[in-house]
Amino acid sequence: MRKPPIHKSFLNAFRGIFVMMKSERNFQLELFAFFINLFLIFYLKLSKLDTVFILMVSFGVLAAEIFNTAIEKICDIVQPEFDKRIRFIKDIAAGAVILMAILSVITGILVYWKYIFN
């Protein structure tokens, strides 16, 4: 199979993000949180280092959600009926998202605390 031109690869990737935005409630909520963070970055005038921390965990949560959704969709294709093994795989993928979300909340508290309470 031939690889598509680079511009088509980018278009495919952005289409994937758009599909997530349109169809996945958790991704929509996480994207909303991302935009709140963008607002706070500018409103509170975060340092470059603090901005990097916030952006890294924000994009980490979004990427984890995309991987989780991809794993769930593949599992649904492989085994449409209930299967304990598939449930286990889906739970593990969801666990990765939760861990990244917990890290992002901890990072947000540590970063924003000094801007809000100082």
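Whatever comes next refers back to the structure up there.
Please read all numbers here as calculations on a predicted model, not as lab measurements.

Caption draft 1: Inspection of the side chain of E30 at higher detail. Within the element layout of this structure, E30 appears in helix α2 (residues 25–43). Despite being buried, E30 has no salt bridge partner; R25 is the closest side chain of opposite charge, sitting 8.9 Å away. Apart from residues no more than four positions distant in its own chain, E30 is found in contact with V61, L62, E65 and V97.

Caption draft 2: The arrangement of the nonpolar core in detail. Judged by nonpolar contacts, I41, L44, L46, I54, V111 and Y112 together constitute the single largest core of six residues. Among residues more than four places away in sequence, those in contact with L44 are Y112, Y115 and I116.

Caption draft 3: Main features of the packing of aromatic side chains. Summed over the entire model, instances satisfying the criterion amount to four aromatic pairs. With centroids separated by 5.5 Å and ring planes inclined at 65°, the aromatic side chains of F34 and F35 adopt a geometry described as edge-to-face. Here F34 falls in the buried class, since its relative accessible area comes to 10%. On the basis of an interplanar angle of 45° and a centroid distance of 4.4 Å, the ring pair of W113 and F117 is categorised as tilted. F117 shares its class with W113; the two are exposed. One aromatic cluster is present, formed by F34, F35 and F59 through successive ring pairs.

Caption draft 4: The packing of helix α3 (residues 48–78) against helix α4 (residues 84–116), seen in detail. Two elements in contact, α3 and α4, have axes whose closest approach is 9 Å; the angle formed by their N-to-C orientations is 170°. Classified by the angle their axes make, α3 and α4 are roughly antiparallel. Crossing of α3 against α4: the hand is left-handed. Looking at the contact of α3 with α4 residue by residue, the classes come out as 19 nonpolar, five polar and six charged.

Rules and cut-offs
- Residues numbered from 1 in each chain as written.
- Predicted model: local features only at pLDDT ≥ 70, side-chain atom pairs only at ≥ 80, totals over all residues.
- Heavy atoms only, no water.
- Helix = DSSP H or I, 4+ residues; strand = E, 2+ residues; numbered from the N terminus.
- Buried < 20%, exposed > 50% of the residue type's maximum accessible area, 1.4 Å probe, protein only.
- Lys, Arg positive; Asp, Glu negative; His and termini not counted.
- Salt bridge = Lys/Arg side-chain N within 4 Å of Asp/Glu carboxyl O.
- Contact = heavy atoms within 4.5 Å.
- Core = buried A, V, L, I, M, F, W, Y, C linked by side-chain atoms within 4.5 Å.
- Phe/Tyr/Trp six-rings, centres within 6.5 Å; stacked < 30°, edge-to-face > 60°.
- Axes fitted to C-alpha atoms, helices over the stretch in contact; angles between N-to-C directions.
- Parallel < 35°, antiparallel > 145°, perpendicular 65-115°, else oblique.
- Left-handed = near helix turned anticlockwise from the far one by under 90°.
- Nonpolar A, V, L, I, M, F, W, Y, C, P; charged D, E, K, R; others polar.

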